[in-house]
Amino acid sequence: MSTVKFYRQEHQVPLEMHKVRIVQKLFLPTVEERLKKMNEAGNNTFLLQNKDIFIDMLTDSGVNAMSDNQQAAMFQADDSYAGSETCNRLKKAIKDTMGLEHFLPAHQGRACENILAEAFVKPGQVVLTNFHFTTTKAHITRVGGSMIELVAAKGLDPVTDDPFKGDFDIDELKKTIAELGTEKIAFLRIETGTNLIGGQPVSMANMLEVARICKEAGIMTVMDASLLQDNLYFIKVREEAYKNKSILDITHELCAAMDITYFSARKLGFARGGCICSNDNELIRKMMEYVPLFEGFLTYGGMEVRSMEAIAVGLYETMDEEIINQGPIFIEYLAKELHEYGVPVVLPAGGLGVHLNASEFFPNMSHGEYPAGALGAAMYIAGGIRGMERGTISEQREPDGSERYAELELLRLACPRRVFTLSQLKYVADRVKWVWDNREIIGGLKFVEEPAVLRFFFGRLAPIGDWQEKLVKKFREDFGDSL
Ligand SMILES: *Cc1c(COP(=O)(O)O)cnc(C)c1O
C-alpha cells in the first residue's frame, strides 16, 4: 500500500499526492443570500447557478481535475477526419490498459448504451444486471426491453461492513437464467462501482464467477466500466487474492473475462467522451454502423478530438494506484468523520461520494415530503454546498399519478476526483454536523411546478412552513456574522 503514514498516528489524514497548478476562485454568498438563491432555484439543487455555489458536490461527471500531462496531450490533437493519429493513440491506450484490441467511439456513456441497446436488445428481451443506472435503463426500455436487478441483499442495506456491496446474488442469477432461458436474455450487464447504491464495488471473484456462468449458458457479458477506477482500487485493497497484483494486471484479467466493456469517459479517464471496447471483432461489427449514424465518423464518434487525447492519457493514469486512491481515501475520511459524530451515512464508504441517509435525519417525515430534497436544500442554505437528491424526487410517478417511493432517501455529496482539498472536506463535514444537530428545525418540501418527466432536473418546490427562515436565524445565532 502506498498511503503515507504520519509520525503522530492521531493526525493520520488522507494526503493529496498532487499539487494544484490551476485554480478557480470560489464565492460563498451569505446565509441570507443562500436562502434567497435556494428559493429562486425552486429548492432544486439542479437549478442553482454555479457562481452561487461554494462546494459543488452535485456529480463526478465531467468535472474531475485533469493532470498537466492530459492538458499537454490536448495540444497535440490530430483532427484529420480519417486516419487520425489521436484515434490511434486512444486505441493503443485501450489496448495497453485494458488489453482490448478494438474500440468504437461515442460522445458519452449513454451514447454507448444507445448503441448497445439498438444492436443487441429486441422487444420483450431482458438485460440482467447487478443494479440499473438511469441512462442504461432508459435506453433498454426505449427499444422494448427490460432490466432485472440481481444485486445481493447486502447492496440495499445502508449500513453493513461488507466490502463488496455491488456483488451479484449468484443463486438468484442461476435461478433467473434457468427460468427465463437464454433466448429471452439479451445480455448480462455488470456495473462496476455501482452508482445508484452509493458507488459500491463488485468483487473480482463475483465478476469472474458471473462471467463463467454466462459463458456456460451462452449469454453475452457487458461491463459498464464508467466507475471502474474506484472499483479497481477497492479490489486491490479489499480483496485478499489481489493485494499483490498490479492495477494493470487486475484490469487485464477483468476485461478479458467480458465480451464487451464500455465506459463514460466523463468519469473513467478524467475527461469527456465514451468508448465501447472488445476483443471480438464480430461483436464490434454488429455495433459499428450505429456510430456514423448517431455519433460521427469512426475516428471520433462525436467526441472532441482533444478530449480523446485526454482520455488516452487518463487511462494510463488510471493504472497508477497513487492516482486512483485519491477519490476513495478522501471519501472514506469524510464518511468516517460524519459517522463518528453520529450522522447517518451509507457504509462502508464507496467511490463517487458520501451518501447521507435522509430518512434517519427526519424519521417522522413521509416520502411524500421529500426528505432527501429537503436535506439538499438545507445543506445549501447551511454551507453553500450542493448535493444531489437520490430519493423520491428522482423517481417518476406511477401511471395513475401516485408517488413511487424510493427504496432509499439519500443525499449524495459527490467528490469529483482531485478537485477538493482536505480543508474543504473538513468544512463540508462541519456544516453537515451542524445540519444534523439542527435537524428538528427542518421540514419537508412540496412541488409547485412538476414536469411529467425528469422532474428531478426541472421541477420546482417550496418549503412546507417557515423552516428555512428558522434555519437561517439559528445559523446567525451559532455563527455570528460568519459566512
Ligand atoms: C455516468 C454513468 C453512465 C452514463 O454516462 P454519461 O457519460 O453521463 O452519459 C453510465 N453508467 C454509469 C455507471 C455511470 O455512472
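Residues numbered from 1 in each chain as written. Predicted model: local features only at pLDDT ≥ 70, side-chain atom pairs only at ≥ 80, totals over all residues. Heavy atoms only, no water.

(A) Quick look at the pattern of salt bridges. With the rule as written, the count across this model stands at 36 salt bridges. The partner of Lys-154 in a salt bridge is Asp-167, with the nearest N and O atoms 3.2 Å apart. Within this pair, whereas Lys-154 is found in the loop between strand 4 (146-149) and helix 6 (170-180), its partner Asp-167 is found in the loop between strand 4 and helix 6, the two being separated by 13 residues in sequence. Residue class for Lys-154 comes out partly exposed when judged on its relative accessible area of 24%. (Salt bridge = Lys/Arg side-chain N within 4 Å of Asp/Glu carboxyl O. Helix = DSSP H or I, 4+ residues; strand = E, 2+ residues; numbered from the N terminus. Buried < 20%, exposed > 50% of the residue type's maximum accessible area, 1.4 Å probe, protein only.)

(B) View of the pairing of strand 8 (residues 274-278). With respect to burial, strand 8 is a largely interior element, five of its five residues being buried. Burial along strand 8 is two-sided: the face carrying Gly-274, Ile-276 and Ser-278 and the face carrying Cys-275 and Cys-277 are both buried. Where strand 2 (residues 102-106) lies against strand 8, five bridges are found, and the strand directions are antiparallel. By the bridge assignment, Pro-105 is partnered in strand 8 with Cys-275. The pairing of strand 7 (residues 260-264) with strand 8 spans four bridges and is antiparallel. Looking at strand 8, one finds that Tyr-262 is bridged to Ile-276. (Pairing = 2+ DSSP bridges.)

(C) Region of interest: the sheet that holds strand 11 (residues 388-390). The antiparallel open sheet is built from three strands, whose spatial order is 9-12-11. The open sheet has two edge strands with one neighbour each: strand 9 (353-357) and strand 11. Mean inter-strand twist for the sheet, computed between neighbouring axes without regard to direction, equals 30°. As paired elements, strand 9 and strand 12 (residues 410-414) share five bridges and run antiparallel to each other. (Axes fitted to C-alpha atoms, helices over the stretch in contact; angles between N-to-C directions.)

(D) Here's a closer look at the nonpolar core. In this structure, Met-57, Leu-90, Phe-263 and Leu-356 are the most contacted members of the largest nonpolar core, which totals 116 residues. Filtering out sequence-adjacent residues up to four positions away, Met-57 remains in contact with Leu-334, Ile-385, Arg-386, Gly-387, Met-388, Arg-412, Leu-413, Ala-414, Cys-415, Phe-420, Leu-425 and Val-428. One finds Leu-116, Val-127, Val-143 and Phe-187 within the second-largest nonpolar core, a separate group that totals 25 residues. (Core = buried A, V, L, I, M, F, W, Y, C linked by side-chain atoms within 4.5 Å. Contact = heavy atoms within 4.5 Å.)

(E) A look at the packing of aromatic side chains. Within the structure shown, the criterion is met by 15 aromatic pairs. Each ring, one from Trp-434 and one from Phe-475, has its centre 5.6 Å from the other, and the planes form 85°; the classification is edge-to-face. Of this pair, Trp-434 sits in helix 17 (residues 422-437) while Phe-475 sits in helix 19 (residues 467-479), and the two are 41 residues apart along the sequence. Accessibility expressed as a relative area gives 0% for Phe-475, which makes it buried. (Phe/Tyr/Trp six-rings, centres within 6.5 Å; stacked < 30°, edge-to-face > 60°.)

(F) Representation of the UniProt feature "modified residue: N6-(pyridoxal phosphate)lysine" (unreviewed entry) in the protein chain within the structure. Within this structure's numbering, the places UniProt gives as "modified residue: N6-(pyridoxal phosphate)lysine" (unreviewed entry) are Lys-267. The residue Lys-267 is located in the loop between strand 7 and strand 8 in this model. Not counting the four nearest positions on each side in its chain, Lys-267 is found in contact with Asp-60, Ser-61, Asn-64, Phe-133, Asn-195, Ser-226, Leu-227 and Arg-417. (UniProt positions renumbered as here; feature names shortened; annotations may be inferred.)

(G) Seen up close, the site of the ligand. The full set close to the ligand counts 14 residues, and Gln-108, Arg-110, Asp-224, Ser-264 and Lys-267 are the nearest of them. At 2.9 Å, a side-chain N or O of Asn-195 approaches an oxygen atom of the ligand. Contact distances for the ligand include 2.6 Å between a nitrogen atom and a side-chain N or O atom of Asp-224. In isolation the ligand offers 380 Å² of accessible surface; the protein chains occlude 98% of this area. No other element matches helix 4 (residues 109-120), which puts three residues into the shell around the ligand. Here the shell around the ligand is composed, by residue class, of two nonpolar, six polar and six charged. (Near = heavy atom within 4 Å. Polar contact = N/O pair within 3.5 Å; in protein donor to acceptor, adjacent residues only side chain to side chain. Areas by Shrake-Rupley, 256 points an atom, 1.4 Å probe, with all protein chains shown as cover. Nonpolar A, V, L, I, M, F, W, Y, C, P; charged D, E, K, R; others polar.)

(H) Broad picture of the sheet that holds strand 8. Strand order across the open sheet formed by seven strands is 2-8-7-6-5-3-4, with mixed pairing between neighbours. What marks the edges here is a single partner per strand, and that holds for strand 2 and strand 4. Each strand axis lies, on average, 25° off the axis of its neighbour in the sheet, ignoring direction. One ladder, built from four bridges, connects strand 5 (residues 185-191) with strand 6 (residues 221-224); its direction is parallel. Residue Leu-188 lies in a different strand from strand 6, and its bridge partner there is Thr-221.

(I) Structural detail: the domain arrangement of the protein chain. Splitting the protein chain by domain gives domain 1 (31-60 + 325-479) and domain 2 (68-323). Computed from C-alpha atoms alone, the centre-to-centre distance between domain 1 and domain 2 is 29 Å. Residue-level contacts link 21 residues of domain 1 with 26 residues of domain 2. Of the roughly 2100 Å² buried between domain 1 and domain 2, counting both surfaces, carbon and sulfur atoms make up 53%. The interface formed by domain 1 and domain 2 includes two salt bridges. Residue Arg-417 is joined to Asp-230 by a salt bridge in which the shortest nitrogen-to-oxygen separation is 3.1 Å. Where domain 1 touches domain 2, the interface holds 12 residue pairs in polar contact (both at pLDDT 80 or more). Broken down by secondary-structure element, the contributors of at least two residues to the side of domain 1 that touches domain 2 are helix 14 (326-341) and strand 9. Of the residues forming the side of domain 1 that touches domain 2, the biggest block, three residues, is contributed by helix 14. The residue inventory of the side of domain 1 that touches domain 2, partitioned by class, reads nine nonpolar, six polar and six charged. (Domains from an automatic or database assignment. Buried area = accessible area lost by both parts, 1.4 Å probe.)

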